[in-house]
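Structural description and commentary
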Amino acid sequence: MLYTSTRGNYGPLPAAGAIKLGIAPDGGLFVPTDRVMLSVEDIQAMTHMSYQQRAANILGPYLADFTPNEIKRSVDNAYDAGSFDHPDVAPLVDLDAGLSVLELWHGPTCAFKDMALQILPHLLVKSMEKTDEDAGILILVATSGDTGKAALEGFKDVPRTAIMVFYPEKGVSQVQKMQMVTQEGGNVGVYAVRGNFDDTQSGVKAIFGDADMQHAAAERGYKFSSANSINWGRLVPQIVYYFSAYADLLARKRVQPGEAVNFVVPTGNFGNILAGFYAKQMGLPVHRLVCAANENNVLTDFIATGTYDRNRDFKRTISPSMDILISSNLERLLYELTGHDAARVRQWMADLMAKGRYTVDDETREQVQSLFWSEYADDTATMSSIKDTHRRYGYVVDTHTAVGLYVYHRYRQSTGDERPTVVLSTASPFKFNASVARALLGEEQTSGRDEFELLQMLSDFSGLPVPPGLSGLSRRPVRHTTVVDREQMPQAVLNFVAQNQQRRN
Ligand SMILES: *Cc1c(COP(=O)(O)O)cnc(C)c1O
């Protein structure tokens, strides 16, 4: 299997090269050149497999330049009992006859990013070996909360890598901040940036694009790389859990072999739902992929009209991991739907850069509409959805999953489609406990309490234990206290690289 750029001017190259580079040098994203196809029998055979075996099965054909043993070791190390607190890794919970929830948050940081970021470092280190890379890799991350912590946990103490995470000083929750500033590991750096997430993100992007910075890092033995969902090595592990959920439905006889199901996906950067699209292309019986958005509903509008328009106000919501106006991974979908027409993709992305909007042709729009359906929930609807889900099913969800469940009910009402449906649950309710506790316990009980008190209150109310990654968090020693201005970020990177060089020598 080889990979090529969506912009058509780089590749083809094997998986190891694509994973090491992260983003294609022509500005595009790496995509597989061939399709991987699974038969109904192949999928049925997965019913008796562990999550780890299912993962090795799906990853194998995409990582054709890795040996079966390398893949097995990566999978076993990533999804082990020390990191995931559930034996199924991604357990499927049935709420009623036609509705199940796929819990993707049993990893160390309590959000679905762990599903990919626990394995990406293993794949990256192998990729460095395979491409005879001499330099160390410095992972640079700008985060609004979830990605930063998941990347830190994935890369901590991984040989020949170092990781620096920048987060907006006032833009993350109390829990998210404590998760990051207490991070352990000898190769990690965590920095608060004075400003908002856009300042933080543009600071990191500027460093990636700065030839002098690349040169200065290279002199100290480091190359930059990315751990966000533009890296194919982050996308491919996400395909696994769509198959895994379906295999569980088959094993429980909730579907017949070949019977189509829907998946509802709380969406921001379009990485998670894109993995569902690849699963469908591979032969998984999927009827619709339902894209659940919050008030930053740029994707809902795109799916309805064929016009992607980011010219709108950015809204802060209670589902902050979906507060995104540029969904990078949509570029991969457009490349696939146009039959790998890089020229058309280049034009749309140029329009997005220049005008902040583009409109796809009618044929592409119709394809999008036959695959996807979308609706959005505002914060009021999200809060009601948390309450309603608890009342109907006795099940506690976080704010992002609540968006998914709201949109699921809207989908059923609007279309009358009663096929079995899986809603992807992207975070533990304890991770966004302030909103969840307010929805379930009421304003009066919760006002004036900090997030750590609320963790315990939510645990008492729900009878669920506080997950290991969050319990005792408020008592862990703070290890990272540096605050920088956006202009000081490059200097912080150079200092960090120099420190790591010394440590390596
Ligand atoms: C990242 C994230 C999302 C959005 O996923 P995308 O792949 O960016 O679409 C949704 N929910 C949570 C909790 C997340 O951390």
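Residues numbered from 1 in each chain as written. Predicted model: local features only at pLDDT ≥ 70, side-chain atom pairs only at ≥ 80, totals over all residues. Heavy atoms only, no water.

A closer look at helix 16 (residues 362-371)
Each turn of an α-helix holds 3.6 residues, which means side chains three or four residues apart point in the same direction. By the burial criterion, the buried members of helix 16 are Thr364, Val368 and Leu371. For helix 16, the angular spread of buried residues about the axis comes to 70°, placing them on one side. For helix 16, the elements touching its buried residues are helix 12 (271-281), strand 11 (286-293), helix 13 (298-305), helix 14 (330-337), helix 15 (342-355) and strand 14 (372-376). (Buried < 20%, exposed > 50% of the residue type's maximum accessible area, 1.4 Å probe, protein only. Helix = DSSP H or I, 4+ residues; strand = E, 2+ residues; numbered from the N terminus. Arc of directions from axis to C-beta. Contact = heavy atoms within 4.5 Å.)

Things to note about the UniProt feature "domain: Threonine synthase N-terminal" (unreviewed entry) in the protein chain
Look at the UniProt record and you will see "domain: Threonine synthase N-terminal" (unreviewed entry) annotated at residues 3-79. The straight-line gap between the two end C-alpha atoms of residues 3-79 is 26 Å; of that span, 47% is helix and 10% is strand. (UniProt positions renumbered as here; feature names shortened; annotations may be inferred.)

What to know about the UniProt feature "modified residue: N6-(pyridoxal phosphate)lysine" (unreviewed entry) in the protein chain
The feature "modified residue: N6-(pyridoxal phosphate)lysine" (unreviewed entry), as annotated in UniProt, sits at Lys113 in this numbering. Among the structural elements, Lys113 can be located in helix 5 (residues 113-117). In this structure, Lys113 is in contact with Asp146, Thr147, Ala150 and Arg234, ignoring residues within four places of it in sequence.

Comments concerning the sheet that holds strand 5 (residues 99-103)
Pairing is mixed across the open sheet formed by six strands, whose spatial order is 4-5-15-10-11-14. Bordering the open sheet on either side are strand 4 (92-96) and strand 14, each of which pairs with just one other strand. On average, each strand axis in the sheet is inclined to that of its neighbour by 25°, with strand direction left out of account. Of the strand pairs in this sheet, strand 4 and strand 5 are connected by four bridges, and their pairing is antiparallel. Its bridge partner being in strand 5, Val93 is matched across the sheet by Val101. Across the sheet, helix 13 lies against strand 11 and strand 14, angled at about 135° from strand 14, the strand it touches most. The strands that helix 16 touches are strand 11 and strand 14; relative to strand 11, the one it contacts most, it runs at about 95°. (Pairing = 2+ DSSP bridges. Axes fitted to C-alpha atoms, helices over the stretch in contact; angles between N-to-C directions.)

Observations regarding the site of the ligand
Residues in close proximity to the ligand total 15 residues, the closest being Lys113, Asp146, Gly268, Asn269 and Thr426. Asn269 places a polar main-chain atom, nitrogen or oxygen, 2.7 Å from an oxygen atom of the ligand. Within the backbone of Asn272, one N or O atom sits 2.9 Å away from an oxygen atom of the ligand. Relative to its unbound accessible area of 380 Å², the ligand is 96% covered by the protein chains. Here the residues of the shell around the ligand sort into five nonpolar, eight polar and two charged. (Near = heavy atom within 4 Å. Polar contact = N/O pair within 3.5 Å; in protein donor to acceptor, adjacent residues only side chain to side chain. Areas by Shrake-Rupley, 256 points an atom, 1.4 Å probe, with all protein chains shown as cover. Nonpolar A, V, L, I, M, F, W, Y, C, P; charged D, E, K, R; others polar.)

Here we look at the pattern of salt bridges
Using the criterion set out here, one finds 27 salt bridges in the structure. Linking Asp248 and Arg54 is a salt bridge whose minimum nitrogen-to-oxygen distance equals 3.1 Å. In this pair, Asp248 sits in helix 11 (residues 232-251) while Arg54 sits in helix 3 (residues 51-62), placing the two residues 194 residues apart along the sequence. Exposure class is identical for Asp248 and Arg54. Each is buried. Among the ionic pairs, Asp76 bridges to Lys72, the shortest N-O distance being 2.6 Å. Taken together, the residues span about one helical turn, with Asp76 and Lys72 both in helix 4 (residues 68-78) at a distance of four residues. Classification of Asp76 as partly exposed rests on a relative accessible area of 31%. (Salt bridge = Lys/Arg side-chain N within 4 Å of Asp/Glu carboxyl O.)

So, the environment of Leu235
Along the chain, Leu235 turns up in helix 11. For Leu235, a relative accessible area of 0% corresponds to the buried category. Once the C-alpha coordinates of Leu235 and Lys177 are considered, the two residues, 58 residues apart in sequence, prove to be 26 Å apart. Other than its neighbours up to four places away in sequence, Leu235 contacts Ser229, Gly271, Leu274, Ala275, Tyr278, Asn329 and Arg332.

Looking at the pairing of strand 14
Counting buried residues in strand 14 gives four out of five residues, a clear majority hidden from the surface. Pairing of strand 11 with strand 14 involves five bridges; the strand directions are parallel. Bridge pairing in strand 14 places Ala292 opposite Glu375.

Let's talk about the packing of helix 13 against helix 16
Two quantities define a packed helix pair, namely the angle between the helix axes and the distance between the axes. Across the interface, helix 13 lies against helix 16 with an axial gap of 8 Å and an inter-helix angle of 115°. Counting all contacts with helix 13, which are made through Phe302, Ile303, Ala304 and Thr305, the residues of helix 16 involved are Arg365, Val368 and Gln369. Here the contact of helix 13 with helix 16 is built from residues that sort into four nonpolar, two polar and one charged.

Observations regarding the nonpolar core
Grouped together as the largest cluster of nonpolar side chains are 146 residues, with contacts concentrated most on Tyr79, Ile239, Tyr241, Phe243, Phe263, Tyr358 and Phe372. Element by element, the count of residues in this core is highest for helix 11, at 13 residues. Every residue in contact with Tyr79, bar those within four places of it in the chain, is listed here: Tyr51, Gln52, Ala55, Phe84, Val89, Met115, Ile119 and Pro237. Counting 21 residues, the second-largest nonpolar core is a separate cluster that includes Ala142, Phe166, Ile207 and Val493. (Core = buried A, V, L, I, M, F, W, Y, C linked by side-chain atoms within 4.5 Å.)

A closer look at unusual backbone geometry
Omega for the peptide link from Gly11 to Pro12 comes to 0°, which places this bond in the cis form. At His340, a residue that is not glycine, the phi angle is positive and equals roughly 65°. Within the secondary structure layout, His340 lies in the loop between helix 14 and helix 15.

Some thoughts on the sheet that holds strand 8 (residues 188-194)
The five strands are arranged 9-6-7-8-16 in an open sheet whose pairing can be described as parallel. The two strands at the open ends of the sheet, each matched to only one other strand, are strand 9 (222-225) and strand 16 (483-485). This sheet shows a mean twist of 30° between the axes of neighbouring strands, independent of strand direction. Where strand 7 (residues 161-168) and strand 8 come together, six bridges link them in parallel fashion. The residue of strand 8 that forms the bridge with Pro168 is Val193. Its contacts with the sheet put helix 9 (residues 197-208) on strand 6 (136-142), strand 7, strand 8 and strand 9, and the angle it makes with strand 6 is roughly 155°.

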